[in-house]
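Summary of structural features
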Amino acid sequence: MVGAVVKSSWRLGDLAQSLGLELVGNPNLEVHSLATLGSAGSGQLSFLANPMYRRQLDSTAATAVIINPQFASDCPVAALVADNPYLMYAKVSHFFDRRPRPDCGVHPSAYVATDAVLGAGCRIGPMAVIESGAVLADNVEVGAGAVVGANCSIGANTTLHANVTFYHGVKTGDRCTFHSGVVVGADGFGFANDQGQWQKIAQVGAVSIGNDVEVGANTTIDRGAIQDTIIGNGVILDNQIQIAHNVEIGECTAIAGCTGIAGSTKIGKYCTIAGAVGIAGHLEITDRVHLTMRSAITKSITEPGSYSSGTAMSTTSLWRKNAARFRQLDEMARKISRLEKLLKSQQTSDQ
Amino acid sequence: MVGAVVKSSWRLGDLAQSLGLELVGNPNLEVHSLATLGSAGSGQLSFLANPMYRRQLDSTAATAVIINPQFASDCPVAALVADNPYLMYAKVSHFFDRRPRPDCGVHPSAYVATDAVLGAGCRIGPMAVIESGAVLADNVEVGAGAVVGANCSIGANTTLHANVTFYHGVKTGDRCTFHSGVVVGADGFGFANDQGQWQKIAQVGAVSIGNDVEVGANTTIDRGAIQDTIIGNGVILDNQIQIAHNVEIGECTAIAGCTGIAGSTKIGKYCTIAGAVGIAGHLEITDRVHLTMRSAITKSITEPGSYSSGTAMSTTSLWRKNAARFRQLDEMARKISRLEKLLKSQQTSDQ
Amino acid sequence: MVGAVVKSSWRLGDLAQSLGLELVGNPNLEVHSLATLGSAGSGQLSFLANPMYRRQLDSTAATAVIINPQFASDCPVAALVADNPYLMYAKVSHFFDRRPRPDCGVHPSAYVATDAVLGAGCRIGPMAVIESGAVLADNVEVGAGAVVGANCSIGANTTLHANVTFYHGVKTGDRCTFHSGVVVGADGFGFANDQGQWQKIAQVGAVSIGNDVEVGANTTIDRGAIQDTIIGNGVILDNQIQIAHNVEIGECTAIAGCTGIAGSTKIGKYCTIAGAVGIAGHLEITDRVHLTMRSAITKSITEPGSYSSGTAMSTTSLWRKNAARFRQLDEMARKISRLEKLLKSQQTSDQ
């Protein structure tokens, strides 16, 4: 969270005030770190969001617990009362995030092209590279070894962690985070076939990324063939995701790790796509679609809702028998039809 | 395309001459960039390859269109007439590719071992590392932060984009492209089991890559256990592909993103492997095989053709019912057989 | 193998002594490299582990073969007799591994924070970055361009290959290997939903890795939300694996490439997980479980054994028919039940 103040410990009274929460307990108690209900000790702050963990409340050794009004009176220690304890935990978590950041300014070992423009408060880590014509707004952080290609435009308060790579011409909004190993703007996979040989198509589009986007480690987002690949505001992407050229992802859509989206597919807003999903190219997925883990999506989806494919797991010995039968599924269906007809004709002839 | 001249704009007459195409229109008109038929404006060059987009031709605002002879007379603007407009678009796209490249020579911040050999026209970017004994042919480009391991041999006109990593002893042909985050020559996954503990097997082979190979962002190609992992001429690999040790891939085979190929498998020539396919180890896939998206391949394929596995998507509620039945598939097949026998015996006894 | 001596060639007598094996043949013969039985020539050492290759023994041109007692008398060349030839090959392979390593000490182009601590014999490659407060034990190797985040703790004899990235606070044991492109300690994918917007949860845990762990190229291991993500002793991970926050992996478990494990799942000891498996979050997989290639695991597994999901491959034309029927599977099962009942009632009425 931009601007969160990180201190070595927090008075409960100050926390309550910062978060706008009611405190039931001694405002002078202090907490220095976060912990789960079951593992928390003295000086730690915990939360109760999932009723499954209700029973851990009675014996918690936390100094304070973020808790909803329903359970607050059962809390044996100080309570920070919140209607949505999980959301409040998300907000307070940044008060205890002690990630060290590169110093303000440009590390002496970094390379910044003479015509690159850096806003106030930028932090450029060791061995980072900012190529010619790149423009970084205020408070941009570029980690060790990260590379910002020529003519990139990076919005304010955006962070590129160590060893991120941006090709030329990538544009991002404000408050984005790119984790290590992310590659944005590599060539899309575009080739024309010339009697068996592949003739490469230059990928002259770029990548355009909105505000408040998070991109997980080793995720790749290719540049567009002609127009840009587009990632909307508030999109969150987990690790090892592949976004092909000219994909468009709508606002606030969340995608879990290892998912791949083929070229020119458009994903709507407020979708949630689980891990290792595969989505074919040139499809349209409407808003508010949920795709379950490892689904293979080969057709456009026009109605909001949840979609799946695949088979459920079983022991390998049972699976082998069933998987072999899958090859006979159409034949089985035809046999059933024949049996139905046969029985029907029997019944008819019996009458 | 090696040697493509990039200018700020092109006269149509010059383009037609460079590409060997007939021009129907004013040769003095100029185009400065590419666009799709639907979005093109004045000064832009477009193409009509897919008949699906034929209707966009009538209203296009492009200055010129690459088009096949069949539609040329319908073209409301200048026409560059080509038998294969998509292939011609591929070729012309490089005339408009304005990717900035590192300057010729070695950037002052790069490290080149004293006994590495660099051909004429090499471009070594900021923070790049060329280790001892590496030999780079003419016009090799090594992007910012890329690492060329000891004793590598890189063919002429090959490009390693920023933050590519080559381990020692990797050999590539000419005109190859390796995108950011690619790792070539990491250890194959070879271990002997010693009463539950894993004893690592040193991977003493290397990786041998042909000419005109493209490797997408964050793809990994492991070094061989004893002999080399081999990538044939003209192979194109998309992003996030895993090629295990001692895999061999035949000429001009194309593989889409997120596919994984396990150790020692041999893939033939002119295959097309779609996204997120998994291929088990020690298999042989013959030439001209097509594998559809997310197929799981666990047996060798000896006949050219198209192969698939998986299930089609449906709503999650319907899928749950069907996936549960998958576990009973063998039992269902046996029931059908029993019913068939029963009915047959009935009919026999009825006669 | 730590401490393996690599020489340009080895006397068979010395090899036999180093490995504790019986030599049948001339101890003064020398071998300079490894080869498979079929490809070996003079001066090469081979092994016979898989009986499938027994027939290659008769015509091998190897100078010596590691072989079990059963086949030793058939060996036409010098024999190094071992009860487990594959394991012995694993051990001897390191004697022939000629991977160049960075020189001892810190390369002049590397950056080491003034308050980082380096043990004896550390090798820090060109452009590597060791951030503030990091502690490296003896003989740690950090490859070119690799980044060790602030306050990391790296055990003795551990190797980070080129362009590895460790975020702050990562802890590893001794004798670990991290291949290029690995990212350890990036943020887990933790967000609270606030009326459609995603509110990021700071990931304040770290990653704790045991001894003798190997992590393949471009694999990602996220830091914990509150507590640490934990990788046990002797775990081996292949390339392009995604390990989400707060996953725990038990001792000596092996995981093949492209597998993804979602948050907070616990994997037992001595498991073997094949390639491209997907495991959902918050599950427990007990010890000694085997998961076959591309399985989707959505429930905890409490019994050791082998588990699978998916369908077997077929030609695409056959697959299309069967995959379409998958959507009718529940309906088919109901039809079978109806037929069974109908026939049963017929038989009853017939009696």
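Residues numbered from 1 in each chain as written. Chains lettered and ligands numbered in written order. Predicted model: local features only at pLDDT ≥ 70, side-chain atom pairs only at ≥ 80, totals over all residues. Heavy atoms only, no water.

A count of helices and strands for chain A gives 5 helices and 39 strands. The C-alpha radius of gyration computed for chain A amounts to 27 Å, which surpasses the reference 20 Å derived for 351 residues by more than 25%, pointing to a less compact arrangement than a globule. Along the first, second and third principal axes, the C-alpha set of chain A runs to 90 × 65 × 35 Å. Counting every position in chain A, which comprises 351 residues, the buried fraction comes to 59%. Contacts in chain A between residues far apart in sequence, at least 24 positions, make up 19% of those at least 6 positions apart. Seen as two clouds, the 27 positive and the 29 negative side-chain charges of chain A have centres 10 Å apart. (Helix = DSSP H or I, 4+ residues; strand = E, 2+ residues; numbered from the N terminus. Rg over C-alpha atoms; globule rule 2.2 N^0.38 Å. Buried < 20%, exposed > 50% of the residue type's maximum accessible area, 1.4 Å probe, protein only. Contact = heavy atoms within 4.5 Å. Lys, Arg positive; Asp, Glu negative; His and termini not counted. Charge placed at Lys NZ, Arg CZ, Asp CG, Glu CD.)

To continue, consider the relation of the copies chain A and chain C. You can overlay chain A on chain C at an RMSD of 0.1 Å; the transform is a turn of 120° with a shift of 0.0 Å along its axis. Taken together, the rotation and translation relating the two chain copies correspond to the operation of a three-fold axis. (Least-squares fit on C-alpha atoms with pLDDT ≥ 70 in both.)

Attention now moves to the interface of chain A and chain C. Taken residue by residue, the interface counts 71 residues in chain A and 82 residues in chain C. Buried area between chain A and chain C, both sides added, is near 6100 Å², and the carbon and sulfur share of it is 64%. A per-residue breakdown of the area chain A buries against chain C is headed by Arg-294, Met-313 and Phe-326 of chain A, which together make up 11% of the total. Seen at the junction of chain A and chain C, the total is 3 salt bridges. A salt bridge links Glu-340 of chain A to Lys-335 of chain C; the nearest nitrogen and oxygen atoms lie 4.0 Å apart. Applying the counting rule to chain A against chain C returns 30 residue pairs in polar contact (both at pLDDT 80 or more). For the side of chain A that touches chain C, the secondary structure elements donating two or more residues are α3 (85-93), β27 (236-237), β30 (254-255), β39 (314-315), α4 (316-326) and α5 (329-350) of chain A. In terms of residues, the side of chain A that touches chain C owes the most to one element, α5 of chain A, which gives 11 residues. Each residue belonging to the side of chain A that touches chain C can be placed in one class, and the counts come to 35 nonpolar, 25 polar and 11 charged. Where β39 of chain A meets strand β38 (residues 305-308) of chain C, 2 bridges bridge the pair, whose relative direction is antiparallel. (Buried area = accessible area lost by both parts, 1.4 Å probe. Salt bridge = Lys/Arg side-chain N within 4 Å of Asp/Glu carboxyl O. Polar contact = N/O pair within 3.5 Å; in protein donor to acceptor, adjacent residues only side chain to side chain. Nonpolar A, V, L, I, M, F, W, Y, C, P; charged D, E, K, R; others polar. Pairing = 2+ DSSP bridges.)

For the rest of this paragraph, the subject is the interface of chain C and chain B. Listed by partner, the interface residues are 71 residues for chain C and 83 residues for chain B. Taking both sides of the interface into account, the surface hidden between chain C and chain B amounts to around 6200 Å²; carbon and sulfur atoms contribute 64%. Linking chain C to chain B there are 3 salt bridges. For the pair chain C and chain B, the number of links is 30 residue pairs in polar contact (both at pLDDT 80 or more). If you list the elements that add at least two residues to the side of chain C that touches chain B, you get α3 (85-93), β27 (236-237), β30 (254-255), β39 (314-315), α4 (316-326) and α5 (329-350) of chain C. Considering each element in turn, the side of chain C that touches chain B owes the most residues, 11 residues, to α5 of chain C.

Residues and elements named next belong to chain B. Secondary-structure assignment places Asp-138 in the loop between β13 (135-136) and β14 (141-142). Between the C-alpha atoms of Asp-138 and Ala-156, which are 18 residues apart in sequence, the distance is 4.8 Å. Ignoring sequence-local partners within four residues, the contact set of Asp-138 consists of Gly-119, Ala-120, Ala-156 and Asn-157. There is a polar contact of 2.8 Å between the side chain of Asp-138 and the backbone nitrogen of Ala-120.

Relative to the assigned elements, Thr-60 of chain B resides in the loop between α2 (54-57) and β6 (64-67). Accessibility expressed as a relative area gives 8% for Thr-60 of chain B, which makes it buried.

All names here are of chain B. One open sheet accounts for 5 strands, arranged β23-β26-β29-β32-β35; its pairing is parallel. Each edge of the open sheet carries a strand with a single partner, namely β23 (207-209) and β35 (284-285). The sheet contact formed by strand β29 (residues 248-249) and strand β32 (residues 266-267) spans 2 bridges and is parallel. Paired with Ile-249 across the bridge in β32 is Ile-267.

Our focus in this paragraph is the domain arrangement of chain A. The domains assigned to chain A are domain 1 (10-96) and domain 2 (316-350). Just the C-alpha atoms count here: the centres of domain 1 of chain A and domain 2 of chain A sit 59 Å apart. (Domains from an automatic or database assignment.)

All of the buried residues along helix α1 (residues 12-19) of chain C are Leu-12, Gly-13, Leu-15, Ala-16 and Leu-19 of chain C. One side of α1 of chain C carries all its buried residues, which in axial view fall inside an arc of 160°. (Arc of directions from axis to C-beta.)

Residues and elements named next belong to chain A. Residues of strand β5 (residues 44-47) alternate between two faces, with Gln-44 and Ser-46 on one and Leu-45 and Phe-47 on the opposite face, all of them buried. In this sheet, β5 lies alongside strand β4 (residues 33-34) in parallel orientation, the contact comprising 2 bridges. Counted as the bridge partner of Ser-33 is Gln-44 from β5.

All names here are of chain A. Read from one edge of the open sheet, 5 strands run β23-β26-β29-β32-β35, paired in parallel fashion. Edge strands, defined here as strands with exactly one partner in the open sheet, are β23 (207-209) and β35 (284-285). Two elements, strand β26 (residues 229-231) and strand β29 (residues 248-249), share 2 bridges in a ladder whose sense is parallel. Looking at β29, one finds that Ile-231 is bridged to Ile-249.

We now examine the side chain of Lys-200 of chain B. By the element assignment, Lys-200 of chain B lies in strand β22 (residues 197-200). Side-chain polar atoms of Lys-200 of chain B contact the side chain of Asp-187 of chain B, separated by 2.7 Å. If sequence neighbours within four positions are ignored, Lys-200 of chain B has contacts with Asp-187, Gly-190 and Phe-191 of chain B together with Ala-90, Ser-93, His-94, His-179 and Glu-214 of chain C.

Residues and elements named next belong to chain C. In this sheet, strand β22 (residues 197-200) lies alongside strand β21 (residues 191-194) in antiparallel orientation, the contact comprising 4 bridges. Across the sheet, the residue bridging to Ala-192 is Gln-199, located in β22. In sequence, β21 turns back onto β22 through a hairpin of 2 residues, with Gln-195 there showing a positive phi of about 55°.

Residues and elements named next belong to chain C. All chains considered together, the criterion is met by 41 salt bridges over all chains. The salt bridge partner of Asp-58 is Arg-54, with a shortest N-O separation of 3.1 Å. Residue Asp-330 pairs with Arg-334 through a salt bridge whose shortest N-O separation is 3.0 Å. You can see Asp-330 and its partner Arg-334 sitting in helix α5, 4 residues apart, about one turn around the helix. On the basis of relative accessibility, which here comes to 45%, the residue Arg-334 falls in the partly exposed class.

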